[in-house]
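# Survey of secondary and tertiary structure
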Amino acid sequence: MSARVAVIGCGYFARYHLAAWTRLRQAGAELVAVCDLDPAKAGRAAAETGAAAYTDVATLLAEVKPDLVDIATRMQTHLPLVRQCAAVPVGIIVQKPLAPNWADAVTIVETARKANAFLAVHENFRYQAAMLRVGALIASGAIGAPNWARIAFRTGVDVYRNQPYFYDEERLVILDLGIHLLDLARVFMGEVETVYCETQRRNPRVRAEDTATMLLRHVSGARSVVECTYEARRLPLARAEAFLEIEGSDGSIVLDRQLQLSLTSRGVESHEDLTPADFDPADPAAYVARQSVEETCARILRAFAAGEPAATSGDDNLKTYALVEAAYRSAASGRAERP
Ligand SMILES: NC(=O)c1ccc[n+]([C@@H]2O[C@H](COP(=O)([O-])OP(=O)(O)OC[C@H]3O[C@@H](n4cnc5c(N)ncnc54)[C@H](O)[C@@H]3O)[C@@H](O)[C@H]2O)c1
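Residues numbered from 1 in each chain as written. Predicted model: local features only at pLDDT ≥ 70, side-chain atom pairs only at ≥ 80, totals over all residues. Heavy atoms only, no water.

So, on to the site of the ligand. Every one of the 25 residues lining the ligand counts as a neighbour, but F13, D36, R74, N124 and Y165 are closest to it. In the environment of the ligand, an oxygen atom lies 3.4 Å from a nitrogen or oxygen atom belonging to the side chain of Q163. About the coverage of the ligand: the protein hides 87% of its 870 Å² of free accessible area. Residues belonging to the shell around the ligand are distributed by class as follows: eleven nonpolar, nine polar and five charged. (Near = heavy atom within 4 Å. Polar contact = N/O pair within 3.5 Å; in protein donor to acceptor, adjacent residues only side chain to side chain. Areas by Shrake-Rupley, 256 points an atom, 1.4 Å probe, with all protein chains shown as cover. Nonpolar A, V, L, I, M, F, W, Y, C, P; charged D, E, K, R; others polar.)

In space, the eight strands of this open sheet follow the order β8-β9-β10-β7-β11-β12-β13-β14, with mixed pairing throughout. Across the chains shown, the open sheet's two edge strands, defined by having one partner strand only, are β8 (192–200) and β14 (268–273). Each adjacent strand pair in this sheet contributes to an overall mean axis angle of 10 degrees, direction not counted. By the bridge criterion, six bridges tie strand β7 (residues 146–154) to strand β11 (residues 243–248) in an arrangement that is antiparallel. Counted as the bridge partner of R150 is E245 from β11. Packed onto the sheet, helix α6 (residues 129–139) meets β7, β11, β12 (251–255), β13 (260–265) and β14 and runs at close to 180 degrees relative to β12. Strand contacts of helix α10 (residues 314–333): β8 and β9 (211–218), with the helix running at about 55 degrees to β8, the strand carrying the most contacts. (Pairing = 2+ DSSP bridges. Helix = DSSP H or I, 4+ residues; strand = E, 2+ residues; numbered from the N terminus. Axes fitted to C-alpha atoms, helices over the stretch in contact; angles between N-to-C directions. Contact = heavy atoms within 4.5 Å.)

Once that is clear, we can look at the packing of aromatic side chains. In total, this model carries ten aromatic pairs according to the counting rule given. Both rings, one in Y165 and one in F166, keep their centres 5.3 Å apart while their planes meet at 75 degrees; by these two values the pair is edge-to-face. Judged by relative accessible area, Y165 falls into the partly exposed class, the value being 23%. Where F166 meets Y230, the ring centres are 5.3 Å apart and the plane angle is 15 degrees; that geometry is what we call stacked. Within this pair, whereas F166 is found in the loop between α7 (159–162) and α8 (173–189), its partner Y230 is found in the loop between β10 (223–229) and β11, the two being separated by 64 residues in sequence. In this structure F166 comes out as buried when scored by relative accessible area, which is 1%. (Phe/Tyr/Trp six-rings, centres within 6.5 Å; stacked < 30°, edge-to-face > 60°. Buried < 20%, exposed > 50% of the residue type's maximum accessible area, 1.4 Å probe, protein only.)

It is worth spelling out the nonpolar core at this point. One finds I174 and M214 to be the most contacted residues of the largest nonpolar core, which totals 85 residues. Here this core gets eleven residues from one element, more than from any other, and that element is α8. Counting residues in hydrophobic clusters, the runner-up holds 29 residues, among them V5, W21, I93 and A310. (Core = buried A, V, L, I, M, F, W, Y, C linked by side-chain atoms within 4.5 Å.)

Inspection of every chain in the model, using the stated rule, returns 20 salt bridges. The residue E193 makes a salt bridge to R217 at a minimum N-O spacing of 3.7 Å. Taken as a pair, E193 in strand β8 and R217 in strand β9 lie far apart in primary sequence, 24 residues in all. A salt bridge links R266 to D250, with the nearest nitrogen and oxygen atoms 3.3 Å apart. One end of the pair, R266, is in the loop between β13 and β14; the other, D250, is in the loop between β11 and β12, with 16 residues separating them in the sequence. (Salt bridge = Lys/Arg side-chain N within 4 Å of Asp/Glu carboxyl O.)

This next bit is on the environment of P146. With respect to the helices and strands, P146 occurs in strand β7. Each C-alpha atom of the pair P146 and M189 lies 6.5 Å from the other, and the pair is 43 residues apart in sequence. Setting aside its immediate chain neighbours within four residues, P146 contacts I138, F188, M189, A222, I246, E247 and G248.

Glancing now at the packing of helix α1 (residues 14–23) against helix α9 (residues 284–306). Across the interface, α1 lies against α9 with an axial gap of 9 Å and an inter-helix angle of 55 degrees. One finds that α1 runs oblique with respect to α9. Once α1 is placed against α9, the crossing between them reads as right-handed. Across from Y16, H17, A20, W21 and R23 in α1, the residues of α9 making contact are A286, A289, R290, V293, E294, C297 and L301. (Parallel < 35°, antiparallel > 145°, perpendicular 65-115°, else oblique. Left-handed = near helix turned anticlockwise from the far one by under 90°.)

So, about α9. Think of an α-helix as turning once every 3.6 residues; residues three or four places apart then point the same way. Relative to the 33 Å expected for 23 residues at 1.5 Å per residue, α9 spans 34 Å between its end C-alpha atoms, a close match to the ideal helical length. Remark: G307 follows α9 within two positions and exhibits a positive phi of approximately 70 degrees. (Expected span 1.5 Å × (residues − 1).)

Every second residue of β13 is oriented toward a common face, the buried set being L261, L263 and S265 and the non-buried set Q260, S262 and T264. Pairing analysis gives five bridges linking β12 to β13, with the strands arranged antiparallel. If you follow I253 over to β13, its bridge partner there is L263. Count of turn residues in the β12/β13 antiparallel hairpin: four residues, of which L259 carries a positive phi of about 65 degrees. Of the pairings in the sheet, the one linking β13 to β14 comprises six bridges and is antiparallel in character. Opposite L263, over in β14, you have S270 as the bridge partner.

Next comes the structure, spelled out in structure tokens:
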């Protein structure tokens with residue numbers, strides 16, 4: 001089955017969505033329309049992709065009648081846009097974070113459910129090639145049952161250059177970035193019983209927390225340390241967006257900042273260089289974003305075409321969002337909190 005896709009929001013990160021849908025043409029995606037309130041951005045995206053340009057979502061929905069709408073706007077706009085799309089209804093993909101707060105995130109999922117509309121969340125970190133490799137190694141039993149992990153994002157990139165709105169967010173690094181790492185913790189280590197979190201605001205120009213150090217107790221009894229910051233001054237720039245160490249009953253996996261993976265399995269050590277052949281050292285972050293966004297879109301498209309929920313469905317993403325909320329509650333209370 002083919003799906004006629006429309007992308008809403010043609011800002012900074014949408015460039016990866018537009019590239020992904022263009023490349024997924026062979027997989028059955030037809031990018032038919034793009035939309036941005038800013039006509040220059042909509043026009044540029046249309047010129048790059050050959051899709052029709054719109055500045056108004058209602059007009060797009062009425063004229064184009066897409067099968068699937070990919071919402072790549074900022075979180076504050078997700079709920080009204082989901083309401084608009086669910087009223088049609090049309091299949092919906094929403095960028096993370098679903099919403100600025102838990103109540104709106106739940107309303108988004110409920111709105112789609114009541115309208116019987118497909119809803120997937122664009123949660124892409126679990127689909128980074130390196131993370132898929134780590135997941136495959138765990139699933140193969142190479143390290144036995146995982147019982148301890150450290151999952152981190154610490155970049156030397158100036159994130160405020162592409163996303164200057166970060167300065168003014170009321171909740172920053174846990175909601176914007178920690179959400180990806182908490183998702184990885186769920187995927188690799190299972191569901192979570194408690195979250196303890198300490199936050200810091202290390203950059204005085206930023207309104208909210210820019211650093212979070214979290215300790216998770218998983219239902220399995222495993223523990224993981226999940227840490228993220230926008231204030232690490234580290235060069236060379238990392239090839240990996242996230243790096244990790246996972247230990248299990250029979251071995252361990254270490255994925256470092258430069259995409260070097262070391263596996264210890266039942267006393268035998270091995271190494272893999274996960275650097276892709278077409279890696280561009282001048283822009284290390286771009287490769288991971290491009291690859292993982294395309295992989296995420298491809299998987300969501302397959303689920304949509306099969307009439308099945310995406311692995312990153314609204315319901316699944318609420319479980320990750322609940323960890324974000326628990327982390328903020330813990331940072332305020334000074335105690336471990338249940339999601
Ligand atoms: N998954 C990732 O790795 C990743 C990375 C970066 C950003 N993001 C997410 O992508 C989303 C967008 O972030 P960004 O930095 O690209 O934001 P941005 O501000 O650069 O772009 C958003 C665009 O949406 C447009 N827009 C807003 N409301 C609209 C409406 N009603 N109709 C049409 N267009 C509308 C704006 O005009 C703007 O051009 C956020 O949810 C962010 O968290 C995800």
